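Residue-level structural notes
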Amino acid sequence: MSESTQSTERTAPIRVLIAKPGLDGHDRGAKVLVRALRDAGFEVVYTGLFQTPEMIANAALQEDVDVIGLSILSGAHQALFPRIMDELRAKSIKALVVAGGTIPDEDVEPLKALGVAAVFGPGTPFQAVIDFLHENAPFRVDEL
Amino acid sequence: MGLLARVGAGDLAALARLATYVENQEPLGLEAIERLYASTGRALTIGLTGPPGAGKSTLIDGLISTWRERGLRVGVIAIDPTSPLSGGATLGDRIRMRERPDDAGVFVRSMASRGRRGGLAPATAAMIHLLDAAGFDRVLVETVGVGQEEVEITRFVHLTVLLQIPGSGDGIQALKAGLLELADIYVVNKSDLPGADLLARELSGIAALSSSLDPKGEDAVPVVRVSAVNGDGIVNLVDAIERIGVRRRDASNLDRIARAELVAVMTESIRTRVEAATNRADIDRLVREVADRRQTPRRAAEEMLAALSR
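This section reports on the structure supplied with the text. (Residues numbered from 1 in each chain as written. Chains lettered and ligands numbered in written order. Predicted model: local features only at pLDDT ≥ 70, side-chain atom pairs only at ≥ 80, totals over all residues. Heavy atoms only, no water.)

**Structural notes on the packing of helix 2 (residues 12-23) of chain B against helix 3 (residues 27-36) of chain B**
Residue and element names in this part refer to chain B. Here is the rule we go by: Under this scheme, a helix contributes an axis fitted over its contacting stretch, all axes are lines through C-alpha atoms, and angles between N-to-C directions fall in the 0 to 180 degree range. Runs of E in the DSSP output that reach at least two residues are strands. Runs of H or I that reach at least four are helices, and both are numbered from the N terminus. Our angle categories are set so that under 35 degrees counts as roughly parallel, over 145 as roughly antiparallel, 65 to 115 as roughly perpendicular, and the remainder as oblique. Contacts were defined at the residue level, with two residues in contact if any of their heavy atoms lie within 4.5 Å. Under the convention adopted here, Pro, Cys and the residues Ala, Val, Leu, Ile, Met, Phe, Trp and Tyr are nonpolar, Asp, Glu, Lys and Arg are charged, and Gly plus all remaining residues are polar.
One way to put it is that helix 2 packs onto helix 3 with a least axis distance of 6 Å and a crossing angle of 105°. Accordingly, the angle class assigned to the pair helix 2 and helix 3 is roughly perpendicular. Two secondary-structure elements touch here, helix 2 through L18, Y21 and V22 and helix 3 through L28, G29, A32 and I33. Across the contact of helix 2 with helix 3, the residue classes tally to 6 nonpolar, 1 polar and no charged.

Here's what the structure looks like:
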């Protein structure tokens with residue numbers, strides 16, 4: 001540890017990346033969530049549509065986000081999420097990963113087994129997402 | 001390995017992590033700049049400003065590509081506004097810039113303005129130093145979408161590019177004081193749209209007039225027409241930036257930037273210290289007294305400042 005002391009509590013807004021993986025052109029839900037999180041005091045980076053796993057990992061890495069929210073309505077989550085989680089692991093990205101969109105109940109456990117911390121289906125109240133992020137966003141410690 | 005050593009080895013993940021500490025002005029970030037500052041001063045720093053929707057982010061994507069073709073590493077700081085209501089922010093500049101996961105020569109970082117006015121974020125200057133120290137040859141700062149008076153960016157970079165788009169006003173707008181006086185390059189973006197010729201002519205006219213009135217006989221500010229979406233004119237813009245960049249790294253400009261940052265840091269640290277030295281109850285009492293007309297705002301402020309010397 002250097003002579004400067006590491007803060008022991010969060011002093012700045014939680015940074016969140018909202019990403020739209022794959023060929024899914026519907027981002028109304030993602031945009032509404034971006035707005036809700038902004039209004040709850042988060043700093044939200046939005047990537048736009050049609051992101052590959054590599055692009056999502058690159059944005060998460062450079063923006064050093066605490067949370068990655070994957071919004072998907074195309075049904076391709078089982079194909080894309082393992083690749084995204086692999087990319088994040090390969091880049092040692094420690095962010096909390098959550099997902100939302102149209103994901104059938106039976107797919108939730110397999111996604112959690114991949115490392116997705118929570119899956120927020122249609123109708124989830126924003127406050128539930130906000131509370132989950134406040135409770136689970138990782139607090140990271142580094143050395144100079 | 002610690003963050004500094006990793007940044008020195010070109011690790012962008014470590015740079016991103018360190019950028020968070022710098023942005024948050026945490027002890028670790030402040031200490032990092034203490035250690036890195038001596039090795040800064042190599043990058044050419046460029047401000048990019050203009051009204052919301054002028055195409056700043058899209059243009060940056062083109063600038064990145066052109067500089068990369070020339071073998072230069074590019075760091076980008078893209079600032080978006082913080083909500084004065086919630087303290088949150090939507091950082092959407094990245095949408096317009098392609099992700100370049102395989103290129104370690106490009107680093108793009110979004111920052112929220114976090115209550116700072118003038119189109120910048122509180123730690124903008126420190127973030128410029130960080131990217132400079134990390135070996136980026138060109139460091140671009142995209143401001144919040146601005147109006148006429150947000151000239152702050154011009155104080156912290158070697159040169160400033162001002163984006164304008166057709167249809168945003170007549171020649172009188174260009175006579176007004178503010179950003180137009182301080183920009184080093186005028187860009188007419190969306191130059192395929194109607195009105196681009198007129199805008200370019202008006203800006204050229206302003207540039208020629210300013211130059212003829214300038215006691216130091218500075219060259220007229222160049223007007224570059226581009227279309228950020230299809231890439232037209234971007235090479236010309238890069239050439240203009242490079243040409244002017246050489247001139248803007250002389251001693252007088254380096255002094256100008258150092259002075260601006262010194263004043264900014266001092267102002268900020270006085271503010272922080274006054275806030276730290278004044279307790280909540282004292283502030284509430286002073287607010288009450290000013291609201292009740294028992295004390296003038298100036299006297300109340302003097303009392304807060306006096307807390308510094310107690």
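**Quick look at the sheet that holds strand 1 (residues 44-49) of chain B**
Residue and element names in this part refer to chain B. Formally: Strand pairing is assigned whenever DSSP identifies at least 2 bridges connecting the two strands.
Taken in spatial order, the 7 strands make up an open sheet running 4-2-5-1-6-7-8, and their pairing is parallel. Unpaired on one side and paired on the other, strand 4 (106-112) and strand 8 (223-225) mark the two borders of the sheet. Ignoring strand direction, the axes of neighbouring strands in this sheet form an average angle of 20°. As judged from the 3 bridges shared by strand 7 (residues 185-188) and strand 8, these two strands associate in the parallel manner. Bridge pairing in strand 8 places V188 opposite R225. Where helix 5 (residues 124-133) meets the sheet, it contacts strand 1, strand 2 (74-80), strand 4 and strand 5 (138-142), and its direction lies at approximately 160° from that of strand 2.

**Here we look at the interface of chain B and chain A**
The cut-off we apply is this: A simple way to read buried area is as the amount of 1.4 Å-probe accessible surface that goes missing from two parts once joined, with both sides added. Between Lys or Arg on one side and Asp or Glu on the other, a salt bridge is scored when a side-chain nitrogen of the former is within 4 Å of a carboxyl oxygen of the latter. Polar contact criterion, stated in full: a pair of N or O atoms within 3.5 Å, where within protein one must be able to donate a hydrogen and the other to accept it, and residues adjacent in sequence count only if both atoms are side-chain atoms.
Each partner contributes residues to the interface: chain B has 39 residues there, and chain A has 37 residues. Roughly 3,000 Å² of surface becomes buried between chain B and chain A when both sides are summed, with 50% attributable to carbon and sulfur atoms. Between chain B and chain A we count 6 salt bridges in total. Between E63(A) and R109(B) there is a salt bridge, with the nearest N and O atoms lying 3.9 Å from each other. Counting across the interface, chain B meets chain A through 22 residue pairs in polar contact (both at pLDDT 80 or more). Of all the secondary structure elements, the ones that give two or more residues to the side of chain B that touches chain A are helix 1 (3-8), helix 2, helix 3, strand 3 (89-91) and strand 4 of chain B. In terms of residue count, helix 2 of chain B provides more of the side of chain B that touches chain A than any other element does, 8 residues in total.

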